[in-house]
Amino acid sequence: MILSGSDTWPRVAPLAKERALAQIHPSEITPEHLYLSRRQLMGVAGALGASLLLGACGPQAASPAPEVAADPRRDDLGDPLNSFEQITSYNNYYEFSTDKQRVARLAQGFQTSPWEVAVGGLVRSPRVFGLEDLLRFDQEERIYRLRCVEAWSMVIPWIGFPLRRLLAEVEPLAAARYVRFETVLRPAAMPGQRDRFYPWPYVEGLRLDEAQHELTLLATGLYGKALTPQNGAPLRLVVPWKYGFKSIKAIVRIDLVEQMPTSLWMAMAPNEYGFYANVNPEVAHPRWSQATERRIGEVGRRPTLPFNGYAEQVAGLYTGMDLRANY
Ligand SMILES: Nc1nc2c(c(=O)[nH]1)N[C@H]1C(S)=C(S)[C@@H](COP(=O)(O)O)O[C@H]1N2
Ligand SMILES: [Mo]
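Cut-off values and rules
Residues numbered from 1 in each chain as written. Chains lettered and ligands numbered in written order. Predicted model: local features only at pLDDT ≥ 70, side-chain atom pairs only at ≥ 80, totals over all residues. Heavy atoms only, no water. Helix = DSSP H or I, 4+ residues; strand = E, 2+ residues; numbered from the N terminus. Buried < 20%, exposed > 50% of the residue type's maximum accessible area, 1.4 Å probe, protein only. Contact = heavy atoms within 4.5 Å. Areas by Shrake-Rupley, 256 points an atom, 1.4 Å probe, with all protein chains shown as cover. Polar contact = N/O pair within 3.5 Å; in protein donor to acceptor, adjacent residues only side chain to side chain. Near = heavy atom within 4 Å. Nonpolar A, V, L, I, M, F, W, Y, C, P; charged D, E, K, R; others polar. Core = buried A, V, L, I, M, F, W, Y, C linked by side-chain atoms within 4.5 Å. Phe/Tyr/Trp six-rings, centres within 6.5 Å; stacked < 30°, edge-to-face > 60°. Lys NZ or Arg CZ within 6 Å of the ring centre and 35° of its normal. Salt bridge = Lys/Arg side-chain N within 4 Å of Asp/Glu carboxyl O. Pairing = 2+ DSSP bridges. Axes fitted to C-alpha atoms, helices over the stretch in contact; angles between N-to-C directions. Arc of directions from axis to C-beta. pLDDT = per-residue confidence, 0-100.

A. Focus on the overall build of the protein chain. Across its full length, the protein chain carries ten helices and twelve strands. Taking all 327 residues of the protein chain together, 53% fall into the buried category. In the protein chain, the proportion of contacts linking residues at least 24 apart, taken out of those at least 6 apart, comes to 72%. Summing over all exposed atoms, the protein chain offers an accessible surface of approximately 14,700 Å²; the carbon and sulfur share of this is 54%.

B. The environment of Trp241, seen in detail. You can see Trp241 is positioned in the loop between strand S9 (236–238) and strand S10 (251–257). Note: C-alpha distance between Trp241 and Arg147 (94 residues apart in sequence) is 8.1 Å. Setting aside chain neighbours within four positions, we find Trp241 in contact with Glu210, His213, Leu215, Thr216, Asn278, Val279, Phe307, Asn308, Tyr310, Val314, Leu317 and Tyr318. A polar atom in the side chain of Trp241 sits 3.2 Å from the side chain of Asn278. In this structure the side chain of Trp241 is engaged in a polar contact, spanning 2.8 Å, whose partner is the side chain of Tyr318.

C. Layout of the site of ligand 1. Neighbouring ligand 1 are 16 residues; Asn91, Tyr94, Glu95, Ser247 and Lys249 lie closest to it. The separation between a nitrogen atom of ligand 1 and a polar side-chain atom of Glu95 is 2.8 Å. Between ligand 1 and the protein, one listed contact pairs a nitrogen atom with a backbone N or O atom of Ser247 at 2.9 Å. Protein coverage of the free-state accessible area of ligand 1, which is 540 Å², stands at 98%. Partitioned by chemical class, the residues of the shell around ligand 1 number seven nonpolar, six polar and three charged.

D. Broad picture of the nonpolar core. Ranked by size, the top nonpolar core spans 84 residues in total, and within it Leu134, Trp158, Leu166, Phe181, Leu237, Trp241 and Ile251 carry the most contacts. Looking at this core element by element, the count peaks at six residues for strand S4 (residues 152–162). Sequence-distant contacts of Leu134, defined by excluding residues within four places in its chain, comprise Val117, Phe129, Gln139, Phe161, Leu166 and Leu235.

E. Spatial organisation of the packing of aromatic side chains. All chains considered together, the criterion is met by 21 aromatic pairs. Ring centres of Tyr94 and Tyr198 lie 5.7 Å apart, and the angle between their planes is 80°; on these two criteria the pair is classed as edge-to-face. On the criterion of sequence distance, the pair formed by Tyr94 in the loop between helix H4 (84–87) and helix H5 (103–107) and Tyr198 in the loop between strand S5 (178–183) and strand S6 (203–207) is long-range, its members being 104 residues apart. In this structure Tyr94 comes out as buried when scored by relative accessible area, which is 19%. Of the aromatic side chains, those joined through ring pairs into one cluster are Tyr94, Phe197, Tyr198, Trp200, Tyr202, Phe245, Trp265 and Tyr273. Between Lys225 and the ring centre of Phe84, over which it is positioned, the NZ or CZ distance is 5.3 Å.

F. Representation of the pattern of salt bridges within the structure. Scanning the model with the defined rule gives 23 salt bridges in all. Between Arg180 and Glu182 there is a salt bridge whose closest N-O contact spans 2.7 Å. In this structure Arg180 comes out as partly exposed when scored by relative accessible area, which is 25%. By relative accessible area, which is 17% here, Glu182 ends up buried. What emerges from the salt-bridge pattern is a single network uniting Asp79, Arg147, Glu293, Arg295, Glu298 and Arg302.

G. Here's a closer look at the sheet that holds S10. Pairing within the open sheet is mixed, and its five strands lie in the order S2-S1-S10-S5-S6. Two strands bound the open sheet, and with one partner strand each, they are strand S2 (127–130) and S6. On average, each strand axis in the sheet is inclined to that of its neighbour by 15°, with strand direction left out of account. Pairing analysis gives six bridges linking S5 to S10, with the strands arranged antiparallel. Paired with Thr183 across the two strands is Ile251, which belongs to S10. Against the sheet, helix H7 (residues 163–170) engages strand S1 (116–121), S2, S5 and S10, with an angle of about 140° to S2.

H. Structural view of H7. Considered for burial, the residues of H7 that qualify are Leu163, Leu166, Leu167 and Val170. An end-on view of H7 places all buried positions within 100° of arc, on one side of the element.

I. Molecular detail of the side chain of Glu141. On the secondary structure map, Glu141 appears in strand S3 (residues 140–147). Glu141 gets classed as buried once you look at its relative accessible area, which sits at 3%. Side chain to side chain, Glu141 and Arg73 meet in a polar contact 2.3 Å long.

J. Summary view of the confidence of the model for the protein chain. A residue-level look at the protein chain finds 79% of positions with pLDDT of 70 or above and a mean pLDDT of 85. Across residues 1–42 the pLDDT falls below 50, and counting only partners more than four positions away or on other chains, this stretch makes 62 contacts in the model. Within the model, pLDDT remains below 50 along residues 52–61, and this stretch shows six contacts once partners closer than five positions in the same chain are excluded.

Following this line, the structure appears as structure tokens:
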């Protein structure tokens, strides 16, 4: 059997950084290793800042050398990480293309600096954060599974910070019940946004308590580097217990609101996608089962876990709710 949720907590999320550090023996810290040394991890914010500056005025960062050894780390269920190459070459990002293998090339050179994120709505202190402000939040590494609604998955070492820290800065008002996120609208640079079939910009939403959960991350990087454009640079949401489409990329607006936001997918296909979209092997998509998934890089399929393996941490958010009706 797969490890049950109770075997996973409390080794996951808040401790991920410590775990990652504990597993790195000093003799292993060599230039060939992509993963972070203690010194590098503490300098992550600075490093991201520097690579972003380079991105703004220099050529694109080079890809890692092909001879780089596979990262030996594991997620909280013992699964190996997907490679940087896999994570950055198989992407869902409809603003660029519906073809996952074309997104990376089309997104190359997408301008992500300067960047501003307006955080407002039902808050006491609305504020516009520049990317440099966001990098001032303590950055940490989180190794999370990403489970796409299309029934493929990956294990990704994100860099970022809990969304709840950002929300605390703007002080949500008592009337705020949901958080609404919006992706940048830039049709001149995003060919998919010239397709009027979709109601751009991409919008997603969370209930406020979901948004404030410790696992909910605003990611600024992965594999210790700044996010690539195809993965949602410079700032994207990561909600590991929900289907991947909730993890909205290239965020420019975050609003605290009273009513449940209508996401792009709720508007497009209300029979397929609901607001909650928690990973649930028992609720099939109208066109395919969600009981199993294909881990990118593996042959065969593996069982899909309730809440994508994070049930122990998040099931309490849904006590008393019918998770079939609230798909
Ligand atoms: N703005 C925006 N965000 C998005 C998407 C998108 O098309 N546009 N696709 C979503 C889907 S369906 C998935 S599975 C994940 C994929 O993230 P990745 O490419 O970093 O693996 O991004 C999500 N975020
Ligand atoms: Mo997805």
